[in-house]
Amino acid sequence: MNDPSGTVAPVTDEEIFTGHEGGKLSVAATRPISSPRDLSIAYTPGVAKVSRAIAEDAAKAKRYTWADRLVVVVSDGTAVLGLGDIGASASLPVMEGKSVLFKTFGGLDSIPLVLDTTDVDEIVETLVRLRPSYGAVNLEDVSAPRCFELEDKLKEALDCPVMHDDQHGTAIVTLAALRGANLVLDRAIADQRVVISGAGAAGVACARILQEAGIGDVTVLDSRGVIHTGRDGLNPIKAHLAQTTNKAGIQGGLADALEGADVFLGLSGATIDETLLGRMAGGGIVFALSNPDPEVHPDVAARYASIVATGRSDFPNQINNVLAFPGVFRGALDSGARAITENMKLAAAEAIVSVAMDDLGPDRIVPSPLDPRVAPEVAAAVAKAAEADGVTA
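Residues numbered from 1 in each chain as written. Predicted model: local features only at pLDDT ≥ 70, side-chain atom pairs only at ≥ 80, totals over all residues. Heavy atoms only, no water.

Draft legend 1. Focus on the pattern of salt bridges. This model, assessed by the stated rule, comprises 21 salt bridges. The partner of Arg-146 in a salt bridge is Asp-76, and the shortest N-O contact between them spans 2.4 Å. With Arg-146 in helix 7 (residues 146-157) and Asp-76 in the loop between strand 1 (70-75) and helix 5 (88-106), the pair connects residues that are 70 residues apart, well separated along the chain. Taking the relative accessible area as the measure of exposure, Asp-76 reaches 4% and is therefore buried. Linking Asp-371 and Arg-373 is a salt bridge whose minimum nitrogen-to-oxygen distance equals 2.7 Å. Given the relative accessible area of 12%, Asp-371 is considered buried. (Salt bridge = Lys/Arg side-chain N within 4 Å of Asp/Glu carboxyl O. Helix = DSSP H or I, 4+ residues; strand = E, 2+ residues; numbered from the N terminus. Buried < 20%, exposed > 50% of the residue type's maximum accessible area, 1.4 Å probe, protein only.)

Draft legend 2. Geometry of the packing of aromatic side chains. Throughout the structure, instances matching the rule amount to two aromatic pairs. A centroid spacing of 4.9 Å and a plane angle of 65° characterise the contact between Phe-102 and Phe-325, whose relative ring orientation is edge-to-face. Note that Phe-102 is positioned in helix 5 and Phe-325 in helix 13 (residues 325-335), a separation of 223 residues in sequence. The buried category is assigned to Phe-325, whose relative accessible area is 2%. Judged by centre distance (5.4 Å) and plane angle (85°), the rings of Phe-102 and Phe-329 are edge-to-face. Taken together, the positions of Phe-102 in helix 5 and Phe-329 in helix 13 put the pair 227 residues apart, joining distant regions of the chain. (Phe/Tyr/Trp six-rings, centres within 6.5 Å; stacked < 30°, edge-to-face > 60°.)

Draft legend 3. Fine view of the sheet that holds strand 2 (residues 109-114). Pairing is parallel across the open sheet formed by four strands, whose spatial order is 2-1-3-4. The open sheet has two edge strands, strand 2 and strand 4 (162-164), and neither has a second partner. If you compare each strand with its neighbour and ignore which way they point, the axes differ by 20° on average. Where strand 1 and strand 2 come together, six bridges link them in parallel fashion. Its bridge partner lying in strand 2, Val-74 is registered against Leu-113. Contacts from helix 5 reach strand 1, strand 2 and strand 3 (136-139) within the one sheet, and its direction differs from that of strand 2 by about 170°. Sitting on the sheet, helix 8 (residues 165-185) touches strand 3 and strand 4, and the angle it makes with strand 4 is about 80°. (Pairing = 2+ DSSP bridges. Axes fitted to C-alpha atoms, helices over the stretch in contact; angles between N-to-C directions. Contact = heavy atoms within 4.5 Å.)

Draft legend 4. Broad picture of the packing of helix 14 (residues 342-356) against helix 15 (residues 374-389). Packing of helix 14 against helix 15 brings their axes to within 8 Å, and their N-to-C directions diverge by 150°. Comparing the axis directions of helix 14 and helix 15 gives the class roughly antiparallel. In terms of crossing hand, the pair formed by helix 14 and helix 15 is right-handed. Contacts from Asn-343, Met-344, Ala-347, Ala-348, Ala-351, Ile-352, Ser-354 and Val-355 of helix 14 reach helix 15 at Val-374, Glu-377, Val-378, Ala-381, Val-382, Ala-385, Ala-386 and Asp-389. Among the residues forming the contact of helix 14 with helix 15, the class breakdown is twelve nonpolar, two polar and two charged. (Parallel < 35°, antiparallel > 145°, perpendicular 65-115°, else oblique. Left-handed = near helix turned anticlockwise from the far one by under 90°. Nonpolar A, V, L, I, M, F, W, Y, C, P; charged D, E, K, R; others polar.)

Draft legend 5. Main features of unusual backbone geometry. The linkage connecting Thr-44 with the following residue, Pro-45, adopts the cis geometry, with an omega of 10°. For Pro-45, the position within the fold is in the loop between helix 2 (36-42) and helix 3 (46-56). In this model, Ala-144 is joined to Pro-145 through a cis peptide bond whose omega is 5°. Note on placement: Pro-145 falls in the loop between strand 3 and helix 7. The phi angle at Asn-246 is positive, at roughly 60°, despite the residue not being glycine. The phi angle at Asn-317 is positive, at roughly 60°, despite the residue not being glycine. Note that Asn-317 resides in the loop between strand 10 (305-310) and helix 13.

Right, dumping it as structure tokens:
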């Protein structure tokens, strides 16, 4: 049970395992088969007419099969939640859960597809060969930096929407939350410097979308400290970050980066000394998004910041990817988009904020993940942006 405040009551192990027993998905028929006539229509001989029609005109598959509306949730199990590289089979409960969320919030059919390979080219080849069976690809829980190469190669190889949700779903909702926080505080994003702790999939994507949105500056840190142009041994992704972020030329560690910063964005999984938050500009914003343990407890962060958010459902201001991905994919598929563009992601963030506008506050900078208005608003905004970008069929 949940209390009236929306706080989630503790969940027992028995409830968890019972809730997953036998899996969380099933296939349901869209039309009943209760007579010989029904069988003749759904299967032989009637189905042969449909197959012949598609053989003559492949575009008819969009109307007469589910493929055009089907999302495959793809993982190799190398970066599952906070569990790390646990393999394809162990990742399957997570992918099933993602498919449940697609159906619940976006009204989209979805199937999990976990692959017993970590070779990028093998994954690409597999999805290319399976292309007639689905309409979009949601990459999930693929480790960095391989995830960047995989997404790029899939976008080049496939003529359908592809998005790595750990990157872009997180980035979209983070941008929406920052927009909401700034509306509450009456501040402009262009005047702010954000410190991102973590240069993995989510950290890199957040840096990019914040730059697209016009942030004043971004400073990104990995386990070795601030990423800057003077550092050796940077991989291509981090080298690009060094060239495009950190206008202030900061070097050193988190203490140096947080000096005078307006926003702290934690995506690293590491805990931080609360006193470092005291180095930030007054009335700052702290998004401690590591799960299940935020970089700093929100009650502690509130001593230093005006607005605090986490990725957890048992604290206010949950930054949850479910606010983004069902609507993003729904909008992309509704519009017949061949890709998901940067403008579509920005439009999704703005749509999320718009749903929360009526009652924005320090403890409500984004809507609840359960708000039924979110996915339709996001889908409509994404579809409109897709058409404006000229990526629709």
